[in-house]
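# Fold and geometry: a report
Given next are the chains, with one letter for each unit.
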Amino acid sequence: RKEVEQDPGPFNVPEGATVAFNCTYSNSASQSFFWYRQDCRKEPKLLMSVYSSGNEDGRFTAQLNRASQYISLLIRDSKLSDSATYLCVVDHTGTASKLTFGTGTRLQVTL
Amino acid sequence: ETGVTQSPTHLIKTRGQQVTLRCSSQSGHNTVSWYQQALGQGPQFIFQYYREEENGRGNFPPRFSGLQFPNYSSELNVNALELDDSALYLCASSLRDVEGNIQYFGAGTRLSVL
């Protein structure tokens, strides 16, 4: 079983749609959680950290369920510019000395 | 931009050769991590350097080695290149125990092994 699992997609959604990505992780000792965004042939960029209480940044909402070892990302009112691969990232060290990435979920937003 | 720079941007090598990739961390950051990203996969952790010492290593053979310099820049060396080493190599810098240990990535070096 992979340490971090994501549905690879692709998710094809029209502009303005709401889309949700899910991620599960296997190490119950994991301490920090992130969503990174990666555009084609570019480096990953931090989208947001994920906190136990859930957090929101504009159109993006992240949720963490430690009991189920499950992380989600919700994107509301999708824009064409949201088209990218979204990487679920987990750190079980507490010091980010090793980040474990999922394979990523590809999102394509269309007109 | 993240302020993390990597060189070269692209590299072509043949099987059996050796390669050195370089990374300059963001100003003030003391930690550098290296990742390998194969096509269609997420980045895989190679190792991390903190204050010039290796501080964690992923599941990579010893022919992957690195070092960090006093100015916190870093090198990744790969000996005896294999075809499967073809990938995007990413460097990320962070400031340990501050800012939630957020890692900021450079644009990567794309290595092709023929």
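See the structure above.
A few points on the structure. Keep in mind that this is a model prediction, so the values were computed, not measured.

So, how was this worked out
Residues numbered from 1 in each chain as written. Chains lettered and ligands numbered in written order. Predicted model: local features only at pLDDT ≥ 70, side-chain atom pairs only at ≥ 80, totals over all residues. Heavy atoms only, no water. Helix = DSSP H or I, 4+ residues; strand = E, 2+ residues; numbered from the N terminus. Rg over C-alpha atoms; globule rule 2.2 N^0.38 Å. Buried < 20%, exposed > 50% of the residue type's maximum accessible area, 1.4 Å probe, protein only. Contact = heavy atoms within 4.5 Å. Lys, Arg positive; Asp, Glu negative; His and termini not counted. Charge placed at Lys NZ, Arg CZ, Asp CG, Glu CD. Pairing = 2+ DSSP bridges. Axes fitted to C-alpha atoms, helices over the stretch in contact; angles between N-to-C directions. Polar contact = N/O pair within 3.5 Å; in protein donor to acceptor, adjacent residues only side chain to side chain. Buried area = accessible area lost by both parts, 1.4 Å probe. Salt bridge = Lys/Arg side-chain N within 4 Å of Asp/Glu carboxyl O. Nonpolar A, V, L, I, M, F, W, Y, C, P; charged D, E, K, R; others polar.

## Observations regarding the overall build of chain B
In terms of regular secondary structure, chain B is built from zero helices and eleven strands. When its helices and strands are written in sequence order, chain B yields β-β-β-β-β-β-β-β-β-β-β. Compactness check: chain B gives a C-alpha radius of gyration of 13 Å against a globular reference of 13 Å for 114 residues, within 12% of the reference. Projected onto the principal axes, the alpha-carbon positions of chain B cover approximately 40 × 25 × 25 Å. A burial count over chain B gives 51% of its 114 residues as buried. Taking the intrachain contacts of chain B between residues at least 6 apart in sequence as the baseline, contacts between residues at least 24 apart amount to 53%. Of the side chains in chain B, 8 bear a positive and 10 a negative charge, and the two mean positions are spaced by 6 Å.

## Notes on the sheet that holds strand 1 (residues 5-7) of chain B
Residue and element names in this part refer to chain B. Spatial strand order, 1-3-8-7: four strands in an open sheet with antiparallel pairing. Strands with a single pairing partner mark the edges of an open sheet, and in this sheet they are strand 1 and strand 7 (64-68). On average, adjacent strands in this sheet sit at an angle of 15 degrees to one another, irrespective of strand direction.

## Structural notes on the side chain of Gln36(B)
Residue and element names in this part refer to chain B. One can find Gln36 in strand 4 (residues 31-37). There is a polar contact of 2.9 Å between the side chain of Gln36 and the side chain of Tyr89. Contacts of Gln36, omitting those with residues within four sequence positions, involve Gly42, Pro43, Gln44, Ile46, Phe60, Phe64, Asp84, Asp85, Ala87, Leu88 and Tyr89.

## What to know about the interface of chain A and chain B
Taken together, the contact pairs 20 residues of chain A with 21 residues of chain B. Counting the surface lost from both chain A and chain B, the interface buries some 1,700 Å², and carbon and sulfur atoms represent 54% of this. Counting across the chain A and chain B interface gives zero salt bridges. Here chain A is connected to chain B by two residue pairs in polar contact (both at pLDDT 80 or more). For the side of chain A that touches chain B, the secondary structure elements donating two or more residues are strand 4 (32-38), strand 5 (44-50) and strand 10 (99-101) of chain A. Partitioning the side of chain A that touches chain B into residue classes produces eight nonpolar, seven polar and five charged.

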